[in-house]
Amino acid sequence: MNKKDECAVFQDLYELYTEEEVEDETKQWMMEHEAVCTYCQNCGKENGRNPAFHEDSEKVWGIRIMTMSLYSIFLFLAIWMSVWYLW
Ligand SMILES: [Zn+2]
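Residues numbered from 1 in each chain as written. Predicted model: local features only at pLDDT ≥ 70, side-chain atom pairs only at ≥ 80, totals over all residues. Heavy atoms only, no water.

K.L.:
Before we go on, may I ask you to explain the overall build of the chain in this structure?
P.N.:
What the chain contains, in helices and strands, is 4 helices and 0 strands. Ordered by position from N to C terminus, the α and β elements of the chain give α-α-α-α. Per-residue burial over the chain gives 13% buried out of 87 residues. Long-range pairs, those at least 24 residues apart, make up 41% of the contacts in the chain between residues at least 6 apart in sequence. When the accessible surface of the chain is split by element, carbon and sulfur atoms take 62% of a total near 7,700 Å². (Helix = DSSP H or I, 4+ residues; strand = E, 2+ residues; numbered from the N terminus. Buried < 20%, exposed > 50% of the residue type's maximum accessible area, 1.4 Å probe, protein only. Contact = heavy atoms within 4.5 Å. Areas by Shrake-Rupley, 256 points an atom, 1.4 Å probe, with all protein chains shown as cover.)

And the structure:
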């Protein structure tokens, strides 16, 4: 198995590995691989960053909803103004 393949296997199993759902032998191999492979260490850190990412997308949704409601109010006002003006 070359290094690239090892990393691919590591990435595939990483989720199971963090949930301790891999066999002891696999876990041992993954611990060893993680210790020596900076690439996979960085990937692991990125996985750890995921909750923050979810927080960010919630913020984005908040902004999106706020923009939508402001737009609705603006649209409502525009319609109301034109009706009022035409009268
Ligand atoms: Zn690796």
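Moving on, there is more to tell.
K.L.:
Looking at this structure, I do not really get the pattern of salt bridges. What am I missing?
P.N.:
In a structure, side chains of opposite charge can pair up when their charged atoms sit close to one another. By the definition in use, this model includes 1 salt bridge. Residue Lys-27 is joined to Glu-20 by a salt bridge in which the shortest nitrogen-to-oxygen separation is 3.2 Å. Residue Lys-27 is classed as partly exposed on the basis of its relative accessible area of 22%. (Salt bridge = Lys/Arg side-chain N within 4 Å of Asp/Glu carboxyl O.)

K.L.:
Even after reading the chapter, I still don't get the coordination of the zinc ion, so can you show me in this structure?
P.N.:
Tetrahedral coordination by four donors places them ideally at 109.5 degrees to one another around the metal; octahedral coordination by six donors ideally gives 90 or 180 degrees. Coordination of the zinc ion by the protein involves Cys-7 (SG), His-33 (NE2), Cys-37 (SG) and Cys-40 (SG), with metal-donor separations of 2.0 to 2.3 Å. One can describe the site at the zinc ion as tetrahedral: its 4 donor atoms subtend angles covering 103 to 116° at the metal. Site description for the zinc ion: donor spacing in sequence, C-x25-H-x3-C-x2-C. Its relative accessible area of 4% is what places His-33 among the buried residues. Taking relative accessible area as the criterion, Cys-40 reaches 0% and is therefore assigned buried. (Donors = N, O, S within 2.8 Å, 3.2 Å for Na, K, Ca; no water. Tetrahedral: all angles 85-135°; square planar, octahedral: opposite > 155°, others 65-115°.)

K.L.:
Help me understand the packing of aromatic side chains, please; the structure alone is not making it clear to me.
P.N.:
The description of two aromatic rings rests on the distance between their centres and on the angle between their planes. Tallied over the full model, the rule gives 3 aromatic pairs. For the ring pair Phe-10 and Tyr-17, a centre distance of 6.2 Å and an interplane angle of 55° mean the geometry is tilted. A single burial state applies to Phe-10 and to Tyr-17, both of which are buried. Centroid distance Tyr-14 to Tyr-17: 5.9 Å. Interplanar angle 55°. Geometry classified as tilted. (Phe/Tyr/Trp six-rings, centres within 6.5 Å; stacked < 30°, edge-to-face > 60°.)

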